[in-house]
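An overview of the molecular structure
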Amino acid sequence: MIFEQALRRELSMTTGAVFLVLVTIMITTLVIRILGFAASGSVNPEDALVLIALATLGYFAVLLTVSLFIAVLIVLVRWYKDSEMIVWFASGLSITNLIGPILRFAIPLILIIALLAAFVWPWANRESSVISQRFQQRDDVSMVAAGQFKESAKAERVFFIEDLDVDKGEVKNIFVADTRNQKLSVAVAATGYIENAPNGDKSVVLLKGRRYEGQPTQANFRILEFDEYETKILSKEVSKPPPRDREKNVIELIQESDPNIRRANFGELLWRIGLPIMALGLVLIAIPLAYVNPRLGNYTAMFYAVLIYLMYSNLLNLSQNYVSQGRIDFFIGLWPIHLIAFGLAFVLIRNRINPSVKWWQRQLPRAWQSK
C-alpha cells in the first residue's frame, strides 16, 4: 500500500506537470498560427483568443494521452535510477505487480480521453468553424464602426467613419474605397448620414465631398465633386456550411446514409475510438520500457518512447485515411494496430520478467531448445 500510494502520488504530479507543459507549447503554437490568420484577414482578430481556447480544448484528448504515457515512463525511470525498484523486487514483487496500480490510476484518465474525443473534440471544431464562417460571410453593415478601418469580406470595399451618431444616423469624416474591375474609387466627405430603405437595405450618403477614380498604376485619375454620393451597405444572411466529419457527434457519424460521406465518418469514428485504446496500449508499453540500463544511459527509454508514439500515432492516422478512402473496412482497420501494440507490451513484459530466457524459448519443447 505504501508503494502504491507513492506511485499514485508521483504519477498524479508528473502527469499534471507534463500536461501543463504540453498545453503551454500547444497554446504558443496556436497563438502564432491564429495570429497569422488574423493578420492575413482569414479570421477576425477579436475572435483570436476564442479560437485559441477552442483549438486547445479540442486537442486535450491527444495531450492527455501523451501526458499519461510520458508520466508513467518518467516515474518508473526515476524509480529504476534511484533503486526504488530494487526495493520493490526485494519485497517479493515483480514487474507484473505494477500493472494493477498503474492501470487503476490510468483508467479514469483513459475514460476522460474517450469523453474528450467523443464530445469535446467535435464541439470545439464545430464552434471554431462557425466563428470562422461568420467572419468570412460577414456583411458590410458590420463595417460601420466609428474610428476603425473596416474591410468587406471579399476585400472589395474599405470604410472609415471617424464619428457616428447612432440615434440620428449621422456620420462625420467618411472615407470609402471601392476596388472593382481593376479600378479604384475613393470617396471622402466631411458629413453624411445613414439611410434606411423600405425593403431593409441600408446606404451611407456622403454630403459635399470628392471622389477620386482611376487605376492605381496609371496617372489618369478623375476628380469629381458631388453634393450627394450614395454607397449601399450590402447585407446578407450567413449560410451555415455542412458540418465536416470532425465536427459531427458520434450519432451523426453513424446515421449518415451517403456512402461517400459515410466512409469519411467511419474514418473519423475509428480515430475517436482508437485514441483511448492507444492511451491504454502506451501505458502498458511504458511499464517494461522504463527499465534503465546503466550502460545505455537514462535517456534511452525516452528515445524509444518518442519513436513508439510517433509510429503508433501515424499508423492510427493512416488507418483513418484508409477507412475514409474506402480502401479497407472499418472493422479491419480498427484492431490490427492496437493488437500489435498490446502484443508488443506483452513481449516486453515477459522479457523483463526473465531477460535471460527469451519468450519464444518458453513455448518450444526442450528437445528443440537444445538444438
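I will try to describe carefully the structure that is included in this document. (Residues numbered from 1 in each chain as written. Predicted model: local features only at pLDDT ≥ 70, side-chain atom pairs only at ≥ 80, totals over all residues. Heavy atoms only, no water.)

**Observations regarding the overall build of the protein**
When you go through the protein residue by residue, the secondary structure sums to eleven helices and six strands. Buried positions account for 38% of the 371 residues belonging to the protein. Residue pairs at least 24 apart in sequence account for 59% of intrachain contacts in the protein once pairs closer than 6 positions are excluded. (Helix = DSSP H or I, 4+ residues; strand = E, 2+ residues; numbered from the N terminus. Buried < 20%, exposed > 50% of the residue type's maximum accessible area, 1.4 Å probe, protein only. Contact = heavy atoms within 4.5 Å.)

**With respect to helix α10 (residues 336-353)**
Here α10 is 18 residues long and its end C-alpha atoms lie 26 Å apart, about the 26 Å a rise of 1.5 Å per residue gives. Among all positions of α10, only I337, H338, A341, A345 and I349 are buried. Down the axis of α10, the smallest arc covering the buried residues is 110 degrees, so these residues share one side. Opposite the buried face of α10, by more than 90 degrees, sit the exposed residues L339, I340 and F346. (Expected span 1.5 Å × (residues − 1). Arc of directions from axis to C-beta.)

**Observations regarding the pairing of strand β3 (residues 170-180)**
Regular strands show a simple pattern: their side chains alternate between the two faces of the sheet. Looking at chain direction, strand β2 (residues 157-165) and β3 are connected through eight bridges and run antiparallel. What sits directly across from I161, in β3, is I174. As defined by bridge partners, β3 adjoins strand β4 (residues 183-196) across ten bridges and the pair is classed as antiparallel. Bridge pairing in β4 links R180 to K183. What sits between β3 and β4 in their antiparallel hairpin is a turn of two residues, with N181 showing a positive phi close to 55 degrees. (Pairing = 2+ DSSP bridges.)

**Comments concerning unusual backbone geometry**
Unusually for a residue other than glycine, N173 sits at a positive phi of about 55 degrees. Relative to the elements of secondary structure, N173 occurs in strand β3.

**Some details on the pattern of salt bridges**
Enumeration over the complete set of coordinates arrives at ten salt bridges. Note that R210 and E225 form a salt bridge whose closest N and O atoms lie 3.4 Å from each other. With a gap of 15 residues between them, R210 in strand β5 (residues 202-214) and E225 in strand β6 (residues 222-233) connect regions that are remote in the sequence. Take R210: its relative accessible area is 39%, and that puts it in the partly exposed class. When salt bridges that share partners are traced, they join E4, R8 and R104 into one network. (Salt bridge = Lys/Arg side-chain N within 4 Å of Asp/Glu carboxyl O.)

**Notes on the nonpolar core**
One finds L7, L76, L98 and I102 to be the most contacted residues of the largest nonpolar core, which totals 73 residues. Among the elements that make up this core, the one with the highest residue count is helix α7 (residues 259-289) (14 residues). Excluding anything up to four places from it in sequence, L98 contacts L7, L76, M85, W88 and I287. Listed in part, the eleven residues of the second largest apolar core include F159, V171, I174 and Y229. (Core = buried A, V, L, I, M, F, W, Y, C linked by side-chain atoms within 4.5 Å.)

**Some details on helix α3 (residues 60-81)**
For an α-helix the count is 3.6 residues per turn, leaving residues at separations of three or four pointing the same way. Spanning 22 residues, α3 covers 31 Å between terminal C-alpha atoms, matching the ideal 32 Å at 1.5 Å per step. Of all 22 residues in α3, 16 are buried, a share of seventy percent or more. Where α3 terminates, the next one or two residues include S83, which has phi positive at roughly 65 degrees.

**Section: the side chain of T15**
Residue placement: T15 occurs in helix α1 (residues 2-40). Overall, T15 belongs to the buried group, its relative accessible area being 6%. Beyond its immediate chain neighbours, meaning those up to four positions away, T15 contacts S67, L68, A71, F105 and L109.

**Observations regarding the packing of α3 against α7**
The N-to-C vectors of α3 and α7 enclose an angle of 10 degrees; their axes lie 8 Å apart at closest approach. As judged from the angle between their axes, α3 and α7 are roughly parallel. Across the interface between the two elements, A61, V62, T65, L68, F69, V72, L73 and L76 from α3 touch W271, L275, M278, A279, L282, V283, A286, I287 and L289 from α7. Residue composition of the contact of α3 with α7, by class: 16 nonpolar, one polar and no charged. (Axes fitted to C-alpha atoms, helices over the stretch in contact; angles between N-to-C directions. Parallel < 35°, antiparallel > 145°, perpendicular 65-115°, else oblique. Nonpolar A, V, L, I, M, F, W, Y, C, P; charged D, E, K, R; others polar.)

**As for the pairing of β4**
In this structure, β4 lies alongside β5, joined through twelve bridges in antiparallel fashion. For N196, the partnering residue across the bridge sits in β5 and is K202.

**Observations regarding the environment of I340**
Position of I340 relative to the elements: it lies in helix α10. Since its relative accessible area comes to 62%, I340 is described here as exposed. Placed 59 residues apart in sequence, I340 and G281 show a C-alpha to C-alpha distance of 9.3 Å.

**Some thoughts on the environment of M13**
Take M13: it is sitting in helix α1. Through-space distance from the C-alpha of M13 to that of V75 is 9.9 Å; in sequence the pair is 62 residues apart.

**Points about a nonpolar patch on the surface**
A contiguous nonpolar patch, built from F303, Y304, L307 and M311 and spanning about 430 Å² of accessible area, is present on the exposed surface. Within the secondary structure, Y304 is located in helix α8 (residues 300-324). Looking at Y304, the relative accessible area reads 42%, which means it is partly exposed. (Patch = residues over 30% accessible without salt bridge, like charges linked within 9 Å, V, L, I, M, F, W, Y side chains within 5 Å. Areas by Shrake-Rupley, 256 points an atom, 1.4 Å probe, with all protein chains shown as cover.)

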